[in-house]
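Observations on chain architecture
Take a look at the letters that make up each chain.
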Amino acid sequence: MAEKKKHTLLRILCISLLCFVGIFFYSLHWEEISRINWKEKGEQVLKRLEPEPETVEGLFRPAEMSRNMPALSRLAQKDTPLITVPLITQQDSNYQTGCELVSGAMLLNYYGIGATAQDLYAQMDRVSTPEDASGVGADPSQYFIGDPAGKSGYGCYAGALTVGLNRILNGNRYAVDITGTDLEIIEKNYIEQDIPVIIWATIHMSEPREGDSWKLADGSTFRWIAGEHCLVLVGADDNYYYFNDPDHSGEAIGYEKELVRQRYEQLGEQAIIISR
């Protein structure tokens, strides 16, 4: 019995000591303690006790996805009037960086000339690298730059492609560089007359970026526009322009008119038609 009383007394002394320490601590810090939001503290503790969500690593980082996903695009509807240009893709042609050549081949085939992208490349003035051994760079308005079958190729602009097309056409028809023509005029004068048009824009109509630069023969500096892409305009409605896109298989794809206009202007309003 005496032993039990002894243990009870010891517990009371310990509890009393803890209470005294607590009161003493509160008396020293009561201002800080009074300002604590105990409800918020409790919520923070509960949140820390919740299990962490599982992290799944995706195929793309956000920056990559924003560049690669098609922006403001749609497939043509059944009642959308489209020019029936044969759709050829870069994958079909094994030309990873030859969208200009594939677009040119589509136009040639539309006019009954069974030329491939490889046939057109053979007729192009071309260089394998942007700069030669002396450090003088090639103008893409005059040359196709790089290997179209490789990942590191560049491409060409309207002037160079027009020359290559005319070598294949050989006077039966004529490729005409209509660079500088407004898209509304292109729609009225060509698309509505069943005349497809090659235009320069960007891949998936994404924002163009600064690419490599090199010195041209006249001493000026040329900078390649990264993301440059060539497509065949085959239709339009009130809100969209529709393209045979060398990078999109299966059917024509449409992009909002204002977006196309922006990219077309950023690439210098370059365009080509084939005429009689």
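Fair warning: this is a prediction, and the values are worked out from it, not measured in the lab.

Regarding helix α9 (residues 257–266)
Every buried residue belonging to α9 is among K257, L259, V260, R263 and Y264, and all of these are buried. The buried residues of α9 all sit within an arc of 160° when viewed along its axis, so they share a single face. Those residues of α9 hidden inside the fold are in contact with α8 (183–189), β5 (197–202), β8 (228–236), β9 (240–244), β10 (253–256) and β11 (271–275). Of the residues flanking the end of α9, it is G268, one or two places downstream, whose phi is positive at about 85°.

Some thoughts on unusual backbone geometry
Notably, N94 is not glycine yet its phi reads approximately 60°, a positive angle. If you trace the backbone, N94 turns up in the loop between α4 (90–93) and α5 (99–110). Despite not being glycine, M205 has its phi angle at roughly 60°, a positive value.

Observations regarding the confidence of the model for the chain
The predicted coordinates ought not to be read in detail in places where the model reports low pLDDT. Averaged over all residues, the pLDDT of the chain equals 84, while 74% of them reach at least 70. Here residues 51–70 scores under 50 on pLDDT; set against residues more than four positions off or in separate chains, the count is eight contacts.

Considering the pattern of salt bridges
Should their charged atoms come close, side chains of opposite charge can pair. Considering all chains together, one arrives at six salt bridges under this definition. E210 is the partner of R223 in a salt bridge, and the nearest nitrogen-oxygen pair spans 4.0 Å. Within this pair, whereas R223 is found in strand β7 (residues 221–226), its partner E210 is found in strand β6 (residues 209–215), the two being separated by 13 residues in sequence. By relative accessible area, R223 is classed as partly exposed at 41%. Take E210: its relative accessible area is 66%, and that puts it in the exposed class. Linked through salt bridges whose partners overlap, the residues forming this network are E258, R261 and E265.

Concerning the packing of aromatic side chains
Per the stated rule, a full pass over the model turns up 11 aromatic pairs. Centre to centre, the rings of Y154 and W214 are 5.3 Å apart; their planes meet at 80°, and the pair counts as edge-to-face. Of the two residues, Y154 is situated in the loop between β3 (144–145) and α7 (158–169) and W214 in strand β6; the sequence distance between them amounts to 60 residues. Judged by its relative accessible area of 3%, W214 falls in the buried class. Ring centres of Y154 and W224 lie 5.6 Å apart, and the angle between their planes is 85°; this geometry places the pair in the edge-to-face category. In this pair, Y154 is assigned in the loop between β3 and α7 and W224 in strand β7, connecting sequence segments 70 residues apart. Across this residue pair, the class does not change: Y154 and W224 are buried. A cation sits over an aromatic face here: R74 above Y240, 4.9 Å from the ring centre.

A look at the pairing of β8
Of all nine residues that make up β8, nine are buried, and the element is covered over most of its length. Where β5 lies against β8, six bridges are found, and the strand directions are antiparallel. Pairing of I199 across the sheet is with L231, part of β8. Pairing between β8 and β9: four bridges, direction antiparallel. The residue of β9 that forms the bridge with L233 is F243.

About the cut-offs
- Residues numbered from 1 in each chain as written.
- Predicted model: local features only at pLDDT ≥ 70, side-chain atom pairs only at ≥ 80, totals over all residues.
- Heavy atoms only, no water.
- Buried < 20%, exposed > 50% of the residue type's maximum accessible area, 1.4 Å probe, protein only.
- Helix = DSSP H or I, 4+ residues; strand = E, 2+ residues; numbered from the N terminus.
- Arc of directions from axis to C-beta.
- Contact = heavy atoms within 4.5 Å.
- pLDDT = per-residue confidence, 0-100.
- Salt bridge = Lys/Arg side-chain N within 4 Å of Asp/Glu carboxyl O.
- Phe/Tyr/Trp six-rings, centres within 6.5 Å; stacked < 30°, edge-to-face > 60°.
- Lys NZ or Arg CZ within 6 Å of the ring centre and 35° of its normal.
- Pairing = 2+ DSSP bridges.

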